[in-house]
Amino acid sequence: MSVRLADITAADIAAERARFPRAFAPTPRERMHFWFLWGGGTMLTLYCLYRFGFFSAGFLHGVSKFGSVVVAQLFPPKGFANLPMFMMVMGETIAMAFMGTLLGAVFAFPLSFLASRNMTRSRPLQFGTRRFADLLRSFDYLIWALIFVRAIGLGPLAGIMAIAIVETGTFVKLYSEAIENLDRKQVDGVIAAGGDGLQRIRFGVLPQVLPMMLSNTLYMFEHNVRSASILGIVGAGGIGFLLADRLRAYELQEACLIILLIILAVYAIDYLSKTLRERLIGDHRRREPVDDAVQT
Amino acid sequence: MKEAEAVPNSKSRGSGARFEAQYAAYRREKRIYAFLFGAAFLVCLVAAAITAKFDVVTLIRGLPRTTDFLEKLVPPIGLATFAHDMREWYWDIGRWMDSLLSTLLMAFLATVLGTAIGGFLSFFAARNLAKQYLVYWVMQRVLEIARTVPDIVWALMFVIAFGIGPLAGILAITVHTIGAQGKLFAEVNENISPLPIDGIRAAGGTWFQEIRFAVLPQVIPNYMSYTFWRLELNVRSATIVGFVGAGGIGHDLFSAVQLLYFSDVGAILLIVVATIMLIDVLSEMFRHSAIGKASFAQ
């Protein structure tokens, strides 16, 4: 029994509409919900635009100033005489990221076992470790850097510690997720063969989780090169100090060179780390689960 | 890791000696690799420690000062005088709450603007939707620059043009958001089914109609979940752009640290961490309930 399009009359449509109202249009309640959300969102946006001065003359003035003072004077990059010095400092930045990531990984490794449900019997201990890690993670790198600059003084050490602390939090989360997802059978095998606690971890757990952990660590190293390049803004070492200094002194062309250098370094590290991670985990098309946990 | 390589092929099955030899060779190879990796890692470690002037002595000397600092963040609070002490600690709560509201609104506005612009640009940055390869390539590079330059660096530049205040921070976070959302949305766009587009095209639809009726219905759920996630990240960003004068609670925090008002620093940090944790929880709830896991998983 087939119905031809030409046979359907307006009356048929009306009848169907009466029978299945929800197939034709959202219910009044849904519609109200929709308009309430969109209306509210629009009002709030307009209020914000007004509050922060987007409708003022100062905004247009700022836009033209941004065009004439900032964008126009960024190019062409200048200060190539300083390039060796900039590259040295960029090297320091990458070294900071490396040390910070490594320290974070070292701190997080034992904690991540405490934070895994399948490794720690005591619920409060496991839960407490997780929340502690969340706490470390919830302050931005720059906030920790600000604290460490006050405590241990200006310089890369403060930046390393800032990265190490945040990374401890991130790695406890990532590592313990990897540990919780492991295949129990391999551990059972070690137990059946009479392995003790340490052997269970060495031969049952580590072979399964280590590639994942290494891959996550590399990914965060990549991410931390970006973070390390701005920590200098609060005096915690690295190229951010030079960049902020040049920008504040209106040396925009040199700042442009530094920005280009940062972008290049970030790309180079991304490429290296991606190649290494592909070797570790194999499947390169797989999306990193850590994307969820970090800021990009 | 690759245990399969050690298994001898079918020809040598049954020959125990051959297996032993192959296994030994495999072990040797693994050991050499492990040694090389270990050596390379050690070289990197030493080089990094030297370049970053990683000094254990300074670190150990600094640690007590760090704990001192952390102790000073919280003033003495007695149980008997709890209310009074808290009021003393949060003496400037009115201004801080105002800054916090400002921070949240900054993040909100930057997310809205950045998502709107980035979402629009993402249609040109998706290989399957861009009309010309050149447009696609240029748009990819533009988005890349927008997100590779950290938002605090954008903030430094916008502060030059717009002066000190939240406006510079909003614009900085907006630019970063455009880059991030543009890339993520473009990836979502590239994963859609082309059939609805063909349908609209066959019915004589314009490019805008293709986007509206064929693309948007497929991508909106993913857009939404990325946007909530971005809002969460932007709240974090909005708390720190104040360090370079771009408004928000970061400004209060930065000046409190500079002026060594330790208990103020502690009070503001507590406000920040409470806010960020609350936003995390809310955003997760919203992502899971309103949008549903199914649409996120596809």
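Preceding this section is the structure that the text describes.
Every chain is numbered on its own, with residues counted from 1 as its sequence reads. Whichever chain is written first becomes A and whichever ligand is written first becomes 1, with later ones labelled in order. Given that the model is predicted, a residue must reach a pLDDT of at least 70 before its local features are reported, and side-chain atom pairs must reach 80 or more before they are shown or counted; all residues, however, enter totals for whole chains, interfaces and linings. Side-chain descriptors were evaluated using all non-hydrogen atoms of the structure, hydrogens and water having been removed beforehand.

**Quick look at the pattern of salt bridges**
Residues and elements named next belong to chain A.
- Here, a salt bridge means any side-chain nitrogen of Lys or Arg that lies within 4 Å of a carboxyl oxygen of Asp or Glu. Summed over all chains, the structure comprises 14 salt bridges over all chains.
- We note a salt bridge from Asp-134 to Arg-131, for which the minimum N-O separation is 2.9 Å. Of this pair, Asp-134 and Arg-131 both sit in helix 6 (residues 123-138), three residues apart, which is roughly one turn of that helix.
- When its relative accessible area of 17% is taken as the criterion, Asp-134 is described as buried.
- Arg-131 sits in the partly exposed class, given a relative accessible area of 38%.
- A salt bridge links Glu-254 to Arg-246; the nearest nitrogen and oxygen atoms lie 2.7 Å apart. For the pair Glu-254 and Arg-246, a shared accessibility class is recorded, and that class is buried.
- One network of salt bridges, with partners in common, ties together Arg-131, Asp-134 and Arg-137. The helix count covers DSSP runs of H or I at least four residues long, the strand count covers runs of E at least two residues long, and both are numbered beginning at the N terminus. Relative accessibility under 20% of the residue-type maximum defines a buried residue, over 50% an exposed one, and the middle range a partly exposed one, all with a 1.4 Å probe and only protein chains included.

**Let's talk about the interface of chain B and chain A**
- Counting residues at the interface gives 66 residues for chain B and 68 residues for chain A.
- Across the chain B to chain A interface the summed buried area is about 6,000 Å²; carbon plus sulfur atoms make up 77%.
- Simply put, the buried area is the total loss of 1.4 Å probe accessible area from both parts when two parts are fitted together. Together, Thr-148, Met-157 and Ile-160 of chain B form the three largest contributors to the area buried by chain B at its contact with chain A, with a combined 10%.
- Counting every contact that joins chain B to chain A gives one salt bridge.
- Between Glu-92 of chain A and Lys-53 of chain B there is a salt bridge; the shortest N-O distance is 2.9 Å.
- Of all the elements, helix 4 (residues 93-122) of chain B adds the most residues to the side of chain B that touches chain A, at nine residues. We call two residues in contact when some of their heavy atoms are within 4.5 Å.

**Brief notes about the packing of helix 5 (residues 83-114) of chain A against helix 8 (residues 156-180) of chain A**
All names here are of chain A.
- In this analysis, axes come from line fits to C-alpha atoms, helices being fitted only over the stretch in contact, and the angle between any two N-to-C directions falls in the range 0 to 180 degrees. One can describe the packing of helix 5 onto helix 8 by two numbers: an axis separation of 6 Å at closest approach and a directional angle of 40°. On the basis of the axis angle, helix 5 is oblique to helix 8. Considering the relative orientation of helix 5 and helix 8, their crossing is right-handed.
- All residues other than Ala, Val, Leu, Ile, Met, Phe, Trp, Tyr, Cys, Pro, Asp, Glu, Lys and Arg, Gly among them, are scored as polar; the first ten of these are nonpolar and the last four charged. The class makeup of the residues in the contact of helix 5 with helix 8 is 19 nonpolar, seven polar and two charged. To sort the angles, those under 35 degrees are grouped as roughly parallel, those over 145 as roughly antiparallel, those from 65 to 115 as roughly perpendicular, and the leftovers as oblique. Should the near helix be turned anticlockwise from the far one by less than a right angle, the crossing is termed left-handed; should it be turned clockwise, right-handed.

**Describing the packing of aromatic side chains**
- Stacked, edge-to-face and tilted are the three classes for Phe, Tyr and Trp ring pairs, Trp counted by its six-membered ring, which pair at centre distances within 6.5 Å; planes under 30 degrees apart are stacked, over 60 edge-to-face, the rest tilted. Across all of its chains, the model carries 22 aromatic pairs over all chains by this definition.
- Between the aromatic rings of Phe-171 of chain A and Tyr-175 of chain A, the centroid separation amounts to 5.1 Å while the plane-to-plane angle is 15°, which identifies the pairing as stacked. A residue pair is termed a helical-turn pair when its members lie 3 or 4 positions apart in one helix, as Phe-171 of chain A and Tyr-175 of chain A do in helix 8 at four residues.
- Exposure remark for Phe-171 of chain A: the relative accessible area of 0% places this residue in the buried category.
- For Tyr-175 of chain A, a relative accessible area of 3% gives the class buried.
- Ring pairing ties together the aromatic residues Phe-54, Phe-59 and Phe-66 of chain A together with Trp-154, Phe-158 and Phe-162 of chain B, which thus form one cluster.
- The side chain of Arg-141 of chain B reaches across the aromatic face of Trp-137 of chain B, ending 5.0 Å from its centre. Counted as over-ring charges are cases with an Arg CZ or a Lys NZ within 6 Å of the ring centre that also lie within 35 degrees of the ring normal.

**Here's the deal with the environment of Gly-53 of chain A**
- Secondary-structure assignment places Gly-53 of chain A in the loop between helix 3 (28-51) and helix 4 (57-74).
- Using a relative accessible area of 16% as the deciding quantity, one classes Gly-53 of chain A as buried.
- For the pair Gly-53 of chain A and Pro-84 of chain A, spaced 31 residues apart in sequence, the C-alpha separation works out to 42 Å.
- For Gly-53 of chain A, the residues in contact, after removing those within four places along its chain, are Phe-59 of chain A together with Leu-167 of chain B.

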